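Notes for the structure review
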Amino acid sequence: MASNKKYWRSVEELKSDSPIVESLMQKEFVEELPTYEFLGDKENLSQSATTRRDFLKYVGFTTAAVTLASCEGPVVKSIPYVVKPDNIIPGVANYYASLISDGSDIANILVKVRDGRPIKIEPNKMAENWGATSARVQASVLSLYDNNRLREPLSNGEAIIWSDLDKKVIDTLESLKNTNEKIIILTGTTASPSTKKVIENFSQLYGNVSHVVYDALTESAALDAFETMYGLRALPSYKFDKAAVIVSIGADFLGDWQGGQYSANYAKSRVPVNGKMSKHLQFESNLSLTGANADNRFPIKPSEQVYALINLYNAVTGNNLPSKKTLADTAIKKTADLLKQAGSKAVVVTGIQDKNAQLIANALNEFLKSEVYDITTPRFVKAGNDTDVTNLVAEMAAGNVGALFIYNSNPSYSLANADAFNEALKKVKLSVNCTMSNDETALQSQLVATTPHYLESWGDAQFQAGEYSLMQPTIKQLFDTRQFEDSMLIWMGENKTYYQFIKDNWSASILNGGSWNKALHDGIYKNNTEISLVKNEVDLTTSASALLTQTKPADFELNLYAKTSLGDGKQANNPWLQELPDPITRTTWDNYMTISAADANKLGLENWNVSDGALNGSVVTLKSNGVTLENVPVLIQPGQANGSIGLAVGYGRTAGMKNEMMTGVNAFAFMHNFSNFQTVEIEKTANIHEFACVQLQHTIMGRDEIIKETILEDYINKPKEEWNETHKFSLNHEEVAAERVDLWEKFDDTIGPHFNLSIDLATCTGCAACIVACHAENNVPVVGKHEIRVSRDMHWLRIDRYYTSDMTNEKAKEEDIFGTGEMFNTMTIPSENPKVAFQPVMCQHCNHAPCETVCPVAATSHGRQGQNQMAYNRCIGTRYCANNCPYKVRRFNWFKYPENNEFDFNMNNDLGRMVLNPDVTVRSRGVMEKCSMCIQKTQLSILTAKKEGRPVEDEEFQTACSSACPTGSMVFGDVNDKKSEVAHLINDDRTYHLLAEIGTKPNVMYHLKVRNTEES
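Residues numbered from 1 in each chain as written. Predicted model: local features only at pLDDT ≥ 70, side-chain atom pairs only at ≥ 80, totals over all residues. Heavy atoms only, no water.

**Things to note about the state of the cysteines**
Counted by the stated rule, this structure contains 0 disulfides. Take C846: it sits in no disulfide, and the sulfur closest to it among the cysteines is that of C843, at 6.4 Å. Cysteine C851 is unpaired, with the sulfur of C881 as its nearest cysteine sulfur at 6.3 Å. (Disulfide = S-S within 2.5 Å.)

**Quick look at the packing of aromatic side chains**
Counted according to the given criterion, the structure contains 31 aromatic pairs. Both rings, one in W130 and one in F463, keep their centres 5.2 Å apart while their planes meet at 45°; by these two values the pair is tilted. On the criterion of sequence distance, the pair formed by W130 in the loop between β4 (117–123) and α5 (135–144) and F463 in strand β18 (residues 459–464) is long-range, its members being 333 residues apart. Each member of the pair, W130 as well as F463, is classed as buried. Between Y238 and W257, the aromatic rings sit 5.4 Å apart at their centres with planes inclined by 45°, giving tilted as the arrangement. Taken as a pair, Y238 in strand β9 (residues 235–238) and W257 in the loop between β10 (245–249) and α9 (263–268) lie far apart in primary sequence, 19 residues in all. Here Y238 falls in the buried class, since its relative accessible area comes to 3%. The buried category is assigned to W257, whose relative accessible area is 5%. Of the aromatic side chains, those joined through ring pairs into one cluster are Y238, F240, F253, W257, Y262, Y266 and Y373. The ring of Y413 has R653 lying over it, and the distance from NZ or CZ to the ring centre is 5.9 Å. (Phe/Tyr/Trp six-rings, centres within 6.5 Å; stacked < 30°, edge-to-face > 60°. Helix = DSSP H or I, 4+ residues; strand = E, 2+ residues; numbered from the N terminus. Buried < 20%, exposed > 50% of the residue type's maximum accessible area, 1.4 Å probe, protein only. Lys NZ or Arg CZ within 6 Å of the ring centre and 35° of its normal.)

**Considerations on the packing of helix α6 (residues 162–179) against helix α18 (residues 484–491)**
For the pair α6 and α18, interaxial distance at closest approach is 10 Å and the crossing angle is 60°. Here α6 is positioned oblique relative to α18, judged by the angle of their axes. With respect to the hand of their crossing, α6 and α18 are arranged in right-handed fashion. Along its contact with α6, which presents W162, L165, D166, V169, I170 and L173, the element α18 presents S487, I490 and W491. By residue class, the composition of the contact of α6 with α18 is 7 nonpolar, 1 polar and 1 charged. (Axes fitted to C-alpha atoms, helices over the stretch in contact; angles between N-to-C directions. Parallel < 35°, antiparallel > 145°, perpendicular 65-115°, else oblique. Left-handed = near helix turned anticlockwise from the far one by under 90°. Contact = heavy atoms within 4.5 Å. Nonpolar A, V, L, I, M, F, W, Y, C, P; charged D, E, K, R; others polar.)

**Things to note about the nonpolar core**
Ranked by size, the top nonpolar core spans 172 residues in total, and within it F240, F253, L312, L339, W576, L757 and M970 carry the most contacts. If we skip the residues at most four places from it in the chain, L339 touches V245, V247, L312, V316, A346, V347, V348 and L368. Core analysis: the second largest hydrophobic core is formed by 44 residues, Y214, L404, L415 and A600 among them. (Core = buried A, V, L, I, M, F, W, Y, C linked by side-chain atoms within 4.5 Å.)

**What to know about helix α19 (residues 498–509)**
In this model, α19 (12 residues) spans 16 Å end to end at C-alpha, consistent with the 16 Å of a helix rising 1.5 Å per residue. Here α19 has its buried residues at Y498, F501, I502, N505 and W506. For α19, the angular spread of the buried residues around the axis is 130°, confining them to a single face. On its buried face, α19 sits against α7 (193–206), β18, β19 (467–471), α18, α20 (516–522) and β20 (524–526). (Expected span 1.5 Å × (residues − 1). Arc of directions from axis to C-beta.)

**A few points about the sheet that holds β4**
As summarised here, the arrangement of the 3 strands in space is β2-β3-β4, forming an open sheet in which the pairing is antiparallel. In this open sheet, the two strands that pair with only one neighbour each are β2 (94–101) and β4. Within this sheet the neighbouring strands show an average axis-to-axis angle of 35°, counted without direction. (Pairing = 2+ DSSP bridges.)

**Some points on the pairing of strand β8 (residues 209–213)**
Pairing between strand β7 (residues 182–187) and β8: 5 bridges, direction parallel. Residue pairing across strands places I183 opposite V209, the latter belonging to β8. Handedness of the crossover is the feature at issue here: the chain leaves β7, passes through α7, returns alongside β8, and the resulting connection is right-handed. (Right-handed = clockwise from strand over helix to strand, strands pointing away.)

**Some remarks on the pattern of salt bridges**
On inspection of all chains with the given rule, the structure shows 38 salt bridges. The shortest N-O distance in the salt bridge between R149 and E456 comes to 2.8 Å. With R149 in the loop between α5 and β5 (154–155) and E456 in the loop between β17 (447–448) and β18, the pair connects residues that are 307 residues apart, well separated along the chain. Residues R149 and E456 agree in their burial class; the two are buried. For K426, the salt bridge identified is with E423, shortest N-O distance 3.0 Å. Within the structure, one salt-bridge network assembled from shared partners comprises D105, R136 and D256. (Salt bridge = Lys/Arg side-chain N within 4 Å of Asp/Glu carboxyl O.)

Right, here's the structure in full:
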């Protein structure tokens, strides 16, 4: 299979004559060291006399840039405890079970605390359905140490003490109560039964109180449809692990769709077991994370998604709901056949934000009697009501709202009609914003009741029927803040704290005799309370007719979406997330308009790479529903449906932000009527945008067999050597596997543990949780947009995204794209619909490492446990190791990143540095760094077991990436322990090593990807 495919990471790589690609393939570092900045003017240097010492200094700078840096080292003064807290042992981490639930990011978590400081988020694997962490959840610990957080409550932008704020609020509430004026509490989804109880009690006390729930990333249409059909405002659960056929029409269920947390279940059905795996078909406009993982993907415009859904319903059920033909109708008919064959093992999901579309999808699952579609344990992670929000703005504008309390929401930024909301807010007698940052809505509010970070807070949640979770503070509140619920209790005249309120509420209605302490320790509690549902008949003909009326096809249709990194923008001030490369576009620090190559050609829009490989692009102005958005960068995206464009929300924030984080444009302005589908006009401008894109960096594309994959049919029916070919060499006149050929003497690594990392490409979805986890665990610096642009990113782990060109495709042959036989000419046209493969790449910890043999000072060496080690204080920065690394995984510290105003991120202030892991050295300028296979974690496991007089359990060995991986794609362990999972995986038929033919013998293994592409 591999010989029939070619892989490429960017369009530039398709050009056989590209000098940029050729240059980058020969250069590890695209820019030379700025020698003259260190040593002085070039002309003066050439005319001056040079001593032998000066000459050596000059040579040293051209190769290392460490001479000056090596002369100085930081002095850190430690102050011992006068009275040591009982629960803190210096150097020993504590772990606390907690949760995150802000309406956007949802998970049960463990919080690692060192010396009273939360420094790392881990998944709580006791929580089966909600224990996985995303990139944003992993990064949320850094938001605790956001230097732009509010320190105290505010009144009209000025600091105020809590007692004065409370008096103003209580006096106004009493006045409004006497006149029976409306009091509105506007929140995002909290999923908290105790918060809802507090709001209920508040409503009972003050009378005319309404609770309006607003989610920037709305699922109101799906909630409305579920409520209409089953009588409960909730979302269905989808058991993707039970699916044989998965059909998605515009639903990015591996992203933020309906609260997310579906990756783990999805992955369980994506590995062939007994010759079977699920088949996933995706109909969508933008190339999403979910579409990238699909077996078959069909690009269609947003309007065609509506027709495709109705046509699919008709084809499966035999009904004749009103619809229109689409270009995908042939695929729809084949898809309908697959659904009927799979029956109850099939499921259909849709991301169309329209109640009628959601009703049709639900009805289709009911017709199939889908076991995947579960209404018996509905989810409560989204509760927004778009109609209520629209009515609220109208009521405010009419002067009918006396007081507005805002919590966990930023409507002045995320509402499409934010200007109207802000004007209406001026007519409200009392506006109180409960927030932790001086965001766009806080600037418009009279009072700001500053709230703590969730890691400083008490709370609870019910993510799903029968499943409850607890949140506990893991650090004392850093500033003069107070929880929203505590404020509400004070304004009600209650004497109890919110902690006591939660405890009383759980004892009365949730625990049913269970242990509070155990629930708090575990972070989760199961209560098998039955959910009462009804099944109402729905007139789908009316729904289809309404869909047809509302759907307005256009030349260009906009599909708004949320990026993996920023989501709805709540954590836009988080540098880890801003610098996280997008899994699809590999671009950081920006949002942009994605467009197909064919449409870009029509409009004269371009992307091009400059000499150092950096990406530039055209800039456009977008207009939709009377709203104009200027200076929108253009990124030409393979797989984008013709006639459609994509634009990510969550960017363009300005309030409460560092200057460096004020990136991108605010796409929420286009979310008219809360719909993610809009018609749009595009006007090209003369401007040029400079992207920070890593598509061409560290490329190893020129080597064959980087990615391996096969189809399910071949995997089942053909011998291993046909779909997982092993490289062979001639040894003693005999053809043998490449790994048997060795120029080194084998080192005895059978004593003690020998670590291997297994990565399954079949289940790696490209979610990037591992990248942020690596940043947090290993103190990886953030370098900013300019440094990323010039190929100086410091990520220890990257996820290469490859587009796949199938050279057996008949259409490809007809279009004669085989060219002259040169590698870059054998690749398909990028504007079509390539398949996608993700491959995490970090230091491969080679047993025969090329880097070790060329280091002149032995700064990099091999450990008995299989890890390639770095002695940072020995490294002089020659970069020989990086040049000799075939995997391009080593990073050079061009600058001092901590305490440097040129890199004004978390390491440049005392608060941000609180997140640093004390077990890992913060590297200095001029040294090399790279993945250590989390040696600090492996050694801790060994020493803990040794102290307790027992062997190390298999699951105790974890790296940051393997622990964070939500799908279980990454497995880390000791191959010398024959009972370990990784020891079994090394003998799997799908196993291969990256560039095994060059003899490096890596300790990282990969498992080739299997696609279920056959039609039946």
